[in-house]
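# Understanding the architecture of this molecule
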Amino acid sequence: MIERELNFEGNRPLLYLVATPIGNLSEFTSRAIEILKETDYVAAEDTRHSGELLARFGINKPFISCHEHNEEEAGEKIVNLLLSGKKVAYMSDAGYPVISDPGERLAKKCIERGIKVSTLSGPNAALNALTSSGLDSRHFYFEGFLPSKRSERKKELQSLKKREETIIFYESPHRIMDTLEDMFEALGDRKAVIARELTKSHEEFIRGTLGEFVTLDPETLRGEMVIVIEGGIVEEEKLSDEKIISLIEEKIKEGKRAKEAVAEVAKENGVPKNAVYSLYLANKD
């Protein structure tokens, strides 16, 4: 039996994951401010950074440091506080917790212990970049940060080569040129967009191709960046004459007449019926 309870009803404790501004502090939602004012504790990836943000909105709460290197230990402390009846919210430095940021292990730990989890909506760098990119947004794949080790990064990019969806990456300024060069080498000269300093006064969208990007002046690529790249075009495999004959023969063995088998093979594989029939006659002779 699946136990069900509405997130904002019942007696079970609830952890809030709070999305925070990625640049422009005015994007911090009124609901996030309201919830944070009601909490007993605020868990944060960087307590100093989050402290400055909350101070801007007149919020002063006890902090719990919870980052990549102490998430297991801090998560246990947060779970115990929630189970004891305290209200706790978690926020990473910018954007959504869990998405290329700490918080996943904390959320899983809470769920395993019967604690509900709810996310307060907010800015997201990947979606901001995608929707303003002009590239196909019907289907997309979020990769986030690639491995820092170059050999691993190249291997990961090779594994993405055949993805047909638009691909979204995060990258930092100190590694951007190496990453762009590796992308050009692995993925070819595809259309792409670099979105940097999103929502800040120096927001910029650089549109072009990966081949053009590797010639950019690295001094002009400052701030955290999102790279959006068009998906690969998968070419249909051309059926060989031998394969077509084999498919016809299989259908004839199943009891189909030759003309019927030819018609079905042509239709199923998008090949002109006359061409298939001519190939069948030539092989028959």
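The present account deals with the structure reproduced in this document. Please read these numbers as outputs of a predicted model, since none were measured by experiment.

Calculation notes
Residues numbered from 1 in each chain as written. Predicted model: local features only at pLDDT ≥ 70, side-chain atom pairs only at ≥ 80, totals over all residues. Heavy atoms only, no water. Core = buried A, V, L, I, M, F, W, Y, C linked by side-chain atoms within 4.5 Å. Buried < 20%, exposed > 50% of the residue type's maximum accessible area, 1.4 Å probe, protein only. Helix = DSSP H or I, 4+ residues; strand = E, 2+ residues; numbered from the N terminus. Contact = heavy atoms within 4.5 Å. Axes fitted to C-alpha atoms, helices over the stretch in contact; angles between N-to-C directions. Parallel < 35°, antiparallel > 145°, perpendicular 65-115°, else oblique. Left-handed = near helix turned anticlockwise from the far one by under 90°. Nonpolar A, V, L, I, M, F, W, Y, C, P; charged D, E, K, R; others polar.

## Points about the nonpolar core
F169, L180, M183 and I229 are the most contacted members of the largest nonpolar core, which has 20 residues in total. For this core, the secondary-structure elements that each account for two or more residues are α6 (150-160), β7 (166-171), α7 (176-187), β8 (191-196), α8 (210-213) and β10 (225-229). Considering each element in turn, this core owes the most residues, six residues, to α7. Other than its neighbours up to four places away in sequence, F169 contacts E143, G144, L146, L157, L160, M183, M225, V226, I227 and I229. Core analysis: the second largest hydrophobic core is formed by 16 residues, I35, L53, L54 and M91 among them.

## Here's the deal with the packing of helix α3 (residues 71-83) against helix α4 (residues 104-112)
Two numbers describe how α3 lies on α4: the axes approach to 9 Å, and their chain directions differ by 40°. Accordingly, the angle class assigned to the pair α3 and α4 is oblique. Helix-helix and strand crossings are classified by hand; for α3 and α4 the assignment is right-handed. Across the interface between the two elements, E71, E72, G75, E76, I78, V79 and L82 from α3 touch E104, R105, L106, K109 and C110 from α4. Here the contact of α3 with α4 is composed, by residue class, of five nonpolar, one polar and six charged.

Such coordinate-based values are descriptive only and should not be taken to indicate function.
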